[in-house]
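Understanding the architecture of this molecule
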Amino acid sequence: MQMIPVFGFIFGFFFLNEKLTTLQIIGSLVTILGAVIISLEFAEEEKLKLKGKVFLLMLCNGILFALYETMFKLIAIDAGFLKSTFWEHLGLLTFGLFLLVFFKKFRTDFFKIIYHKNRRFQILGLNIGSEVLTLAGNMCTNYALLLAPIAVVLLIGSFQPVFVFAMGIIMTMFFPHISQEKITTRHIIHKAISILIILIGTYLLFK
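Description of the structure in this document. Quick caveat, the model's predicted, so the values are computed rather than measured.

As for the packing of helix H3 (residues 52-79) against helix H4 (residues 81-102)
Two elements in contact, H3 and H4, have axes whose closest approach is 8 Å; the angle formed by their N-to-C orientations is 140 degrees. By the angle between their axes, H3 is oblique relative to H4. When the axes of H3 and H4 are compared, the crossing they make is right-handed. Along its contact with H3, which presents Tyr68, Phe72, Ile75, Ala76 and Ala79, the element H4 presents Phe81, Lys83, Ser84, Thr85, Glu88 and Leu92.

Observations regarding the nonpolar core
It is characteristic of soluble globular proteins that their nonpolar side chains tend to be buried jointly. Counting residues in each nonpolar core, the largest one holds 12 residues, listed as Ile4, Phe7, Phe11, Leu16, Ala66, Phe72, Ala76, Phe81, Leu145, Ile150, Val153 and Leu154. Looking at this core, the elements that each hand over two or more residues are helix H1 (4-16), H3 and helix H7 (150-155). For this core, the element with the most residues is H1, which contributes 4 residues. By size, the runner-up hydrophobic cluster in this structure holds 6 residues, among which are Ile32, Ala151, Leu155 and Leu205.

Focus: the environment of Lys53
Its place among the elements puts Lys53 in helix H3. Look at Lys53 and you get exposed, because its relative accessible area is 68%. Counting along the chain gives 68 residues from Lys53 to Phe121, while the straight-line C-alpha distance between them is 37 Å.

What about the packing of aromatic side chains?
Two measures describe an aromatic ring pair: the distance that separates the ring centres and the angle between the ring planes. Tallied over the full model, the rule gives 12 aromatic pairs. Judged by centre distance (6.3 Å) and plane angle (20 degrees), the rings of Phe95 and Phe98 are stacked. Residue Phe95 and its partner Phe98 are located together in helix H4, separated by 3 residues, close to a single helical turn. On the accessibility criterion, Phe98 (38% relative accessible area) is partly exposed. Ring centres of Phe98 and Phe103 lie 6.1 Å apart, and the angle between their planes is 70 degrees; on these two criteria the pair is classed as edge-to-face. Here the aromatic residues Phe95, Phe98, Phe102, Phe103 and Phe106 are joined through ring pairs into a cluster of three or more.

Let's talk about the packing of H3 against helix H6 (residues 120-145)
Helix-helix packing is described using two parameters, namely the angle between the two axes and the distance between the axes. Look at H3 against H6: their axes get within 9 Å of each other, and the N-to-C directions meet at 60 degrees. One element, H3, and the other, H6, form an angle in the oblique class. Once H3 is placed against H6, the crossing between them reads as right-handed. Where H3 abuts H6, its residues Tyr68, Glu69, Phe72 and Lys73 lie against Asn138, Thr141, Asn142 and Leu145. Looking at side-chain class alone, the contact of H3 with H6 contains 3 nonpolar, 3 polar and 2 charged residues.

So, the environment of Val30
Note that Val30 resides in helix H2 (residues 22-39). Residue class for Val30 comes out partly exposed when judged on its relative accessible area of 23%. Distance in space between the C-alpha atoms of Val30 and Gly201 is 4.8 Å, their sequence separation being 171 residues. Ignoring any residue separated from it by four or fewer positions in sequence, one finds Val30 in contact with Ile197 and Gly201.

So, H2
Here H2 is 18 residues long and its end C-alpha atoms lie 26 Å apart, about the 26 Å a rise of 1.5 Å per residue gives. Gln24, Gly27, Ser28, Thr31, Ile32, Gly34, Ala35 and Ile38 are the residues of H2 that are buried. Down the axis of H2, the buried set is contained in an arc of 160 degrees. They therefore lie on one face. Turned more than 90 degrees from where H2 packs its buried face, Thr22 and Leu29 sit exposed.

Parameters at a glance
Residues numbered from 1 in each chain as written. Predicted model: local features only at pLDDT ≥ 70, side-chain atom pairs only at ≥ 80, totals over all residues. Heavy atoms only, no water. Axes fitted to C-alpha atoms, helices over the stretch in contact; angles between N-to-C directions. Helix = DSSP H or I, 4+ residues; strand = E, 2+ residues; numbered from the N terminus. Parallel < 35°, antiparallel > 145°, perpendicular 65-115°, else oblique. Left-handed = near helix turned anticlockwise from the far one by under 90°. Contact = heavy atoms within 4.5 Å. Core = buried A, V, L, I, M, F, W, Y, C linked by side-chain atoms within 4.5 Å. Buried < 20%, exposed > 50% of the residue type's maximum accessible area, 1.4 Å probe, protein only. Phe/Tyr/Trp six-rings, centres within 6.5 Å; stacked < 30°, edge-to-face > 60°. Nonpolar A, V, L, I, M, F, W, Y, C, P; charged D, E, K, R; others polar. Expected span 1.5 Å × (residues − 1). Arc of directions from axis to C-beta.

What follows is the structure in structure tokens.
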């Protein structure tokens, strides 16, 4: 996931002639390093190892996500933010309906939720809430793309592990029956160092 800003820089350079200063590039690399470190999880008895298939799938995800955001900016520069956003989400809706109609598994899973006996409204409510938040976040990202280079905007996504960790601590302290985060001294130090590196990288990025 931390490769998304890198591909965003590459696509922004070739499609939109966007350039970063030397200090911005250094800040980007430092921020990515901190985000990678905070994302690592391992126990004393386990060794870190690269899972090739997962790595390749996530690498493809990074390329496609960066290309998606680049194409939006390329179109929105001429067509405008609201018009581009409308056609973007109409495309997402059309693709969703295509999956629903032509793929039996998706259709079956969808109707299982609709006709769930006990938790239909809870599941639908959570799903709708999730989609509303995703929509709002996506629109904020798209608008920010028009104000700054693609790589810089996508790099802010490196803060996501920080927010996830903070929410994990809150859940562990107040709602342990829902989710629990490792908050031993070792894990707190590990996360704190990672967050510090991210903050230093961000400072360099906007200096």
